[in-house]
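Reading the structure
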Amino acid sequence: MKIFKNVILVFLISLQFQFINAQIFSLNGEWKFAQGDNKENSSPAFNDANWKTVDAGAMHWDKKSLSGSASYYLWLRKKIVIPSSLKNELNKTDALALYLGKIQEEDDAYLNGKRIGTTTSRDLKRAYLLPENEILWDKENTIAIRILHRGFGSGVSEEPSIHSASPDVIFSISTDQKGATPKQQVNNKAAVYKCIIQNKLNKKIAANITANFYDDSKHILKSIQNKITLKPGENIFSFPYQTANSFLKIEYDISIPWYNYTVKRNAEYGYSNIVYKATQPLIANKVKEYFTPASLQNQTIQGWLGEKMKANKDERLYKVDEAALLAGYINKPGAHPWIGEHVGKFLEAACNTYLNTYDAKLKIQIDRTAQQLIASQLEDGYLGTYKPESHWTSWDVWSHKYNIIGLLSYYQLSGYKPALVAAEKAGNLLCSTFGNGAGQLNIITAGLHVGMAATSVLDPMVDLYRFSGDKKYLDFCYYIVSSFDNNNGPRIISTLDSIGRVDKTANAKAYEMLSNLVGLIKLYKATNDQQFLTPVLNAWKDITNNRLYITGTTSSFEHFQDDHLLPASAKDNMGEGCVTTTWLQLNYNLLSLFGKMEYLDELERSVYNHLTGAENPQTGCVSYYTPLMGVKPYRCNITCCMSSVPRGIAMVPLFANGKMNGSPSFLFYQPGIYKTNVSNHKTAVEFITKTTFPEEGNVTIDVQPANKVAFEVMLRKPYWADDFTVSVNGIPQKQTSKEFVAISRTWSKGDKVNVHFTMPVKLLEGGISYPGSVAFQRGPQILVYDKNLNTVSPDKTSIAAGYKWQIASNVLPDTWVGSQAYKVQTTEDGKPKNIILVPYADAGQTGGEVVTWLKKN
């Protein structure tokens, strides 16, 4: 027996030696490349004589070199003779593979016109099995690679080569975990859990498999070991197990002795039904906030805006792909570099929405998602989607940022202590990993965009300090701020303090910079340190004066552009959804801090236009970029913006109403119910708002205090409103300021406040990007042309100075979400022609081309 074991050991050592000393067949030399996409490019018969050439060791293209093509695809081709001598290499592991290194971003690889593999993450090295029967031995073969680069540059990190396939290429492992289905719930009656192993070889292989069962406290419940045989193709191994737990994690350990190969695969099922008990931060802000948001659970928004919020819940949050959100955590690595950010974003949006609606179905999603995320955390606190060799690169810190945001949102909603513990463990790991001490890493080099992606973790680290009470997280925030001025740092504070231009700060990347500014304003509120406030105010002023679209968003190609340069077509990649949402967050924090209506105006501009316009109310699909000119490219797959826009919509009840310096205040005139307490929180009062706004400007507010009580009510006078009047029980009220009507009186049950205003149509000039063009604004809404609602082309018509305007009836399809439509008289060759305009947020929902900037006569 001892001799036999020694023989096996010698064989395994020999096999490892073979892997290390593989005969590498290099695919060096010239490769052909071309931009654009053509399904024939993979064919051996395709003529690539006109393609450019590049050396295998220099296959790198920057953003500028790829900007000449409208397509985001790049093709590589090489014809090679594969010698039969490589069969010796094939025999080492019974398979050959094509190795390509890392590719930015996604790719499909082809051998002789047949696809052999796909990868969607730029952080993974490519290795694609070459089917033995597809190789033309000692003859010419064609290797083709189709790369999706998204316009931000591309490249292949290593010289491509062919050699013996490693075990992770030969075997693939999955489980029967199915995401948001009944199978996700633990079955305590007749549970059978499955591990699936795909053997891509044409022979049987002996292996071992162990299934370890854990509860939600990561205590092992049972371990089942089996010797198995992997037949060619799919192998399904079943493990019966019953448990009283409502959450279950299974870790499968697989070993294949012939290859000296071990691998783990995880599966998670179910969730614990938590009885929610809301929690609040332990540390109060040092700066008093002028505006207090309405409690989400005490506000109901109906009408036009309520429809948008309901669609966000029913069509987006309900239908999110839970399995995809969690897959990169339960089994690392993730499918693409930024897959890690989505689960935290979902949790924040879903927690706010649940608190506003108490939707039982949404609670199940929240509990299940949060608890499975927590169960995926490593013992050292790591909560990312990367393999160990890639920790703290690319978007790793960024993903930890959103996980801490999501976990703290869940903790604040539910009081579920493991969520806070998981956030603290992730925060502790960040604190120990990055800093100026011996062996610590520089956070600037741990993320993209001049370090701004990584330093934006400032935002949740302030919150973690306040919820935990641990000062080390505040100290870490100061470290982050000091790192702005490190070598190659973004210099956010110093640049905004000196020149006050966001387009000249760091690399002008809008989403990441705004994320840092949100962190700075939170840090100012927590510390009362003025150095953190000034750059934020400078940035806000610069954006609103020079870089803001009329629909309440900013950025083109994800960057801040030059003064007043606001291109708005689909090809301009304008209005990134993540930027719109982060701009919303910044204005909300500034409104809370100062209570100034200039910040509420920007919130309103975004909410009634670009934010809600980025999500299709019929399908819940989201536009990554949402143009003012062109078709809104709604997509339902997971993207950063698909996850961000729902967060913004879920925030709306925070500032639709609230309290200005303690007085109940009405800011958005939407129908619904607002409940609060007055007279030092002693008396409950309910306000019921009735209106068809934004269709028209008549608003009635029924005041229902629990008993007679004196308090002040404030009613906002919007900047776009004319003929603004307020009366109480029919008695006119004086306007106390330019922005508000304040009414102080003793209120009784049944009192009625009547607000009236008109919404004249205003023409906005197109500026330097659209000279000679105008856009229509009515109330807070931008009104636009939708091609699917019109027969007249906007290219052939113009808006005359004396245009006529009226409400249009019976012009919207039966399936249309929204009821507003307006008829505008234009001229075509001197003759009057009518066009139909609808709110920008409604436009494009049926795929029609949107035109915002219309030619004027």
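Before reading on, note that the structure itself is shown above.
The notes below deal with the structure included here. Residue numbers run consecutively from 1 along every chain, following the written order of its sequence. Side-chain atom pairs in this predicted model are given and counted only at pLDDT of 80 or more, local residue features only at pLDDT of at least 70, and totals for whole chains, interfaces and linings cover all residues. Side-chain metrics rest on all non-hydrogen atoms present in the structure, leaving aside hydrogens and water.

The numbering of helices and of strands both runs from the N terminus, where a helix is a DSSP run of H or I of at least 4 residues and a strand a run of E of at least 2. One less than the number of residues in a helix, times 1.5 Å, gives the span that helix is expected to have. Given a rise of 1.5 Å per residue, 17 residues ought to cover 24 Å, and the 24 Å separating the end C-alpha atoms of helix α9 (residues 417–433) matches this to within 8%. Accessibility here uses a 1.4 Å probe with only protein chains present; expressed as a share of the type maximum, an area under 20% marks a residue as buried, one over 50% as exposed, and anything in between as partly exposed. Burial in α9 covers these residues: Ala419, Leu420, Ala422, Ala423, Ala426, Gly427, Leu429, Leu430, Cys431 and Thr433. Structurally, α9 contributes buried residues whose contacts are with α7 (360–375), α8 (396–414), α11 (458–468) and α12 (471–483). The positive-phi residue at the C-terminal boundary of α9 is glycine 435, with phi of around 160 degrees. Any two residues whose heavy atoms approach within 4.5 Å at even a single point are treated as in contact.

We now examine the sheet that holds strand β30 (residues 709–716). DSSP bridges decide pairing: two strands pair if at least two such bridges lie between them. Pairing within the open sheet is mixed, and its five strands lie in the order β20-β25-β26-β30-β33. Edge strands, defined here as strands with exactly one partner in the open sheet, are β20 (291–293) and β33 (740–747). Going across the sheet, the axis of each strand differs from the next one's by a mean of 30 degrees, ignoring polarity. Note that β20 and strand β25 (residues 657–660) share three bridges and pair antiparallel. Its bridge partner lying in β25, phenylalanine 291 is registered against methionine 660. Convention adopted: a line fitted to C-alpha atoms gives each axis, helices being fitted over their contacting stretch, and angles between N-to-C directions are expressed from 0 to 180 degrees.

With that out of the way, let us pick up the packing of aromatic side chains. Put simply, two rings from Phe, Tyr or Trp (the six-membered ring, in Trp's case) pair if the centres are within 6.5 Å, and we call them stacked under 30 degrees between planes, edge-to-face over 60, tilted for the rest. Summed over all chains, the structure comprises 42 aromatic pairs. When the centroid spacing of 5.1 Å and the interplanar angle of 55 degrees are considered together, the rings of phenylalanine 33 and tryptophan 61 count as tilted. Of this pair, phenylalanine 33 sits in strand β2 (residues 30–35) while tryptophan 61 sits in strand β4 (residues 60–61), placing them 28 residues apart in sequence. Per residue, the accessibility class of phenylalanine 33 equals that of tryptophan 61, and both read buried. Residues tryptophan 392 and phenylalanine 434 carry aromatic rings whose centres are separated by 5.5 Å and whose planes lie at 80 degrees to one another, so their mutual orientation is edge-to-face. In this pair, tryptophan 392 is assigned in the loop between α7 and α8 and phenylalanine 434 in the loop between α9 and α10 (452–455), connecting sequence segments 42 residues apart. Judged by relative accessible area, which is 11%, tryptophan 392 ranks as buried. An aromatic cluster is defined as three or more aromatic residues linked by ring pairs; in this entry it consists of Trp304, Tyr588, Tyr608, Phe655, Phe668, Tyr669, Phe693, Trp720, Phe724 and Phe757.

Our focus in this paragraph is helix α18 (residues 640–651). Between its first and last C-alpha atoms α18 spans 17 Å; for twelve residues at 1.5 Å apiece the expected length is 16 Å, and the two agree. Taken across its twelve residues, α18 has twelve buried, putting it largely inside the fold.

Before going further, it helps to examine the pattern of salt bridges. Think of a salt bridge as a Lys or Arg side-chain nitrogen and an Asp or Glu carboxyl oxygen that are within 4 Å of each other. In total, this model carries 44 salt bridges according to the counting rule given. Between glutamate 89 and lysine 92 there is a salt bridge, with its nearest N and O atoms 2.9 Å apart. One end of the pair, glutamate 89, and the other, lysine 92, are both in helix α2 (residues 87–93), three residues apart, so they sit about a helical turn from each other. The partner of lysine 313 in a salt bridge is aspartate 359, and the shortest N-O contact between them spans 3.1 Å. One end of the pair, lysine 313, is in helix α4 (residues 303–317); the other, aspartate 359, is in the loop between α6 (341–357) and α7, with 46 residues separating them in the sequence. Here the two residues lysine 313 and aspartate 359 agree in accessibility, since each one is buried. Taken together, the shared-partner salt bridges in this structure form one network comprising Arg501, Asp503, Asp542, Arg547, Asp562 and Asp563.

Attention now moves to the state of the cysteines. Here, a disulfide means two cysteine sulfur atoms that sit within 2.5 Å of each other. All told, the structure shown has one disulfide when counted by the stated rule. Here cysteine 621 engages in a disulfide with cysteine 636; their sulfurs sit 1.6 Å apart. With cysteine 621 in the loop between α17 (597–613) and β22 (622–623) and cysteine 636 in the loop between β24 (634–635) and α18, this residue pair connects regions lying 15 residues apart in the sequence. Here cysteine 641 stays free of any disulfide, with the sulfur of cysteine 578 as its closest cysteine sulfur at 3.5 Å. Judged by relative accessible area, cysteine 641 falls into the buried class, the value being 0%.

On the basis of which strands lie adjacent, the open sheet formed by seven strands has the order β21-β27-β28-β29-β34-β31-β32 and antiparallel pairing. Both outer strands of the open sheet, β21 (299–301) and β32 (731–732), are each paired with one neighbouring strand and no more. Where strand β31 (residues 722–728) and strand β34 (residues 751–758) come together, five bridges link them in antiparallel fashion. Bridge assignment links valine 728 to a residue of β34, and that residue is valine 753.

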